[in-house]
Amino acid sequence: MTARGFWFLFVVTFLAVGLAGHAAWQRHAAAIGSVSAEPVFPGLSDRLNEAAAIQLEDRRDSVTLVRAGEGWVVENAHNYPARGDAVRALVLALADLQIVEAKTERPEMFARLEVEPLDAEGARSRRITVLDGAGKVLADLIVGKKRHGQGGQPDAHYVRRPDGGQAFLAESRLDPRVEPIDWLDRRIADISRGRVQQVVIDHPGGISLTVAKDSREGNDFRVVDLPEDMKVENQFTLNATAGTLDRLVFDEVMPAAGLALQEHVTRYTTFDGLAVTIGFAEHDGKLWSRYTAAALDDAAEEVKAEAAEINARAEGWAYRLADFKNEQLRRKLEDLAKKQEGSS
């Protein structure tokens, strides 16, 4: 064979192999690659009102949200009210899921996308199941790794239906948290420091601490009846005592039935006529607090409504706060002021 004939045969063979490879790639792309956008759950948006329970889980934790009247509760947190806005956002995000790209069907590749079965060793996947009132499944999805949108593109998640082998990339606004605390409506009260006129902290044995402000326009609080031989050490700490109820949230909640209240009592009074009383109890080595509110007779209607809202939320419940919040609510005079040098 001449050199010219050899090279001609080489080129023909190279082209044939290339065309065969391209055809195989096209067949592979039919299963993995871009697809026309389509909903993950067709028709779910028309059935959202049928949703009666939502289960979110990973290999370690789980939370169950249950519809209760016009709202939702967290079943494994004593059926305490859930954040309605967060639940609505979740079900709407499920209904709006759009498949934008088909991914692998190979189970050994699922872990890379974090869509492996929940019981797999080291699984990082999460599962969302939506049920109707009869326990029928409306939506069931394994949610994997999040891909953050860039250049104006929306965020996306890798997802897989538990009963199907194909993984997909789906345009997604999902936030599938699996710990109960993330779904609880943690608000207790929201009383800014500027509204507070006086805080009275009663301790056992008749010991009491009162901090107050003479006018709403003032910034700093003072210790009422501060002994002449004592001086406030830190004005910031004193002011913080009056600001404890500003955006107050709990870390844990339990039914209050059976809790024995201690003699410690803290009372907040505002310039506009709102009064909040806080009691305390010990349970399982933790400090819990209870809240009741009242409005003065001459208080504005919005203040009376605020008192009613606090009572409606807190009645029958005990809350565990962050430790520093408990310290603020139970301060003593010695925590705020010290004897001056030279005093007897």
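Residues numbered from 1 in each chain as written. Predicted model: local features only at pLDDT ≥ 70, side-chain atom pairs only at ≥ 80, totals over all residues. Heavy atoms only, no water.

J.: Pulling in residues and values, what's your account of the environment of alanine 82?
T.: Here alanine 82 lies in the loop between strand 5 (80–81) and helix 2 (84–96). Separated by 103 residues in sequence, alanine 82 and aspartate 185 have C-alpha atoms that sit 5.0 Å apart. Among all residues touching alanine 82, those that are not within four sequence positions of it are Trp72, Val73, Val74, Val87, Trp183, Leu184 and Asp185. (Helix = DSSP H or I, 4+ residues; strand = E, 2+ residues; numbered from the N terminus. Contact = heavy atoms within 4.5 Å.)

J.: Please give an account of the pairing of strand 10 (residues 167–171) that cites residues and values.
T.: Here strand 10 lies mainly inside the structure; four of its five residues are buried. Relative to strand 10, strand 6 (residues 98–102) runs antiparallel, the two being bridged by four bridges. In the sheet register, glutamate 101 faces strand 10, and the bridge partner there is leucine 169. In this structure, strand 9 (residues 156–160) lies alongside strand 10, joined through five bridges in antiparallel fashion. (Buried < 20%, exposed > 50% of the residue type's maximum accessible area, 1.4 Å probe, protein only. Pairing = 2+ DSSP bridges.)

J.: Tell me about helix 2, and name the residues and values.
T.: Compared with an ideal rise of 1.5 Å per residue, which puts 13 residues at 18 Å, helix 2 spans 18 Å between its outermost C-alpha atoms and is within 8% of the ideal. Three or more residues of helix 2 are buried, namely Ala86, Val87, Leu90, Val91, Ala93, Leu94 and Ala95. Packing partners of the buried residues in helix 2 comprise strand 2 (51–57), strand 3 (62–68), strand 4 (71–74), strand 7 (126–132) and strand 8 (137–147). (Expected span 1.5 Å × (residues − 1).)

J.: Can you explain the nonpolar core? Please cite residues and give values.
T.: In terms of nonpolar packing, the biggest core is built from 74 residues, with Ile54, Tyr291 and Tyr319 touching the most fellow members. Per element, the largest residue contribution to this core is seven residues, and it comes from helix 2. Sequence-distant contacts of tyrosine 319, defined by excluding residues within four places in its chain, comprise Tyr80, Ile188, Phe250, Glu252, Val253, Leu287, Trp288, Ser289, Tyr291, Arg313 and Ala314. Residues Phe110, Val115, Ile142 and Tyr158 belong to the second largest nonpolar core, which totals eight residues. (Core = buried A, V, L, I, M, F, W, Y, C linked by side-chain atoms within 4.5 Å.)

J.: Outline the pattern of salt bridges, listing residues and values.
T.: Any two side chains of opposite charge can pair if their charged atoms end up close together. Overall, the coordinates contain 20 salt bridges when judged by the stated rule. The partner of lysine 286 in a salt bridge is glutamate 252, and the shortest N-O contact between them spans 3.1 Å. Of this pair, lysine 286 sits in strand 20 (residues 286–295) while glutamate 252 sits in strand 17 (residues 252–255); the two residues are 34 residues apart in sequence, bridging distant segments of the chain. Given the relative accessible area of 27%, glutamate 252 is considered partly exposed. Members of the salt-bridge network, linked through shared partners, are Asp175, Arg177 and Asp182. (Salt bridge = Lys/Arg side-chain N within 4 Å of Asp/Glu carboxyl O.)

J.: Give me the lowdown on the side chain of glutamate 114, citing residues and values where you can.
T.: Looking at where glutamate 114 falls in the secondary structure, it is placed in the loop between helix 3 (110–113) and strand 7. Of note is the side chain of glutamate 114, whose polar atom sits 3.5 Å from the side chain of arginine 124. Apart from residues lying up to four places away in sequence, glutamate 114 is in contact with Arg124, Ser125, Val143, Gly144 and Lys145. (Polar contact = N/O pair within 3.5 Å; in protein donor to acceptor, adjacent residues only side chain to side chain.)

J.: How would you explain the packing of aromatic side chains if you had to name every residue and give the values?
T.: Taken as a whole, this structure holds five aromatic pairs when the rule is applied. Between tyrosine 80 and tyrosine 319, the aromatic rings sit 6.1 Å apart at their centres with planes inclined by 90°, giving edge-to-face as the arrangement. Of this pair, tyrosine 80 sits in strand 5 while tyrosine 319 is found in strand 21 (residues 317–320), placing the two residues 239 residues apart along the sequence. Three or more aromatic residues joined by ring pairs make a cluster, and in this case those are Tyr80, Phe250, Tyr291, Trp317 and Tyr319. (Phe/Tyr/Trp six-rings, centres within 6.5 Å; stacked < 30°, edge-to-face > 60°.)

J.: Talk me through unusual backbone geometry; I want residue IDs and the actual numbers.
T.: Its identity is not glycine, yet histidine 78 carries a phi of approximately 60°, on the positive side. According to the relative accessible area criterion, histidine 78 is partly exposed, its value standing at 46%. One non-glycine residue, aspartate 284, lies in the positive phi region at around 55°. Here aspartate 284 lies in the loop between strand 19 (274–283) and strand 20. By relative accessible area, aspartate 284 is classed as exposed at 66%.

J.: How would you summarise the side chain of arginine 313 if you had to cite specific residues and measurements?
T.: Tracing the chain through its elements places arginine 313 in helix 5 (residues 301–314). Ignoring sequence-local partners within four residues, the contact set of arginine 313 consists of Tyr80, Arg187, Ile188, Ala189 and Tyr319.

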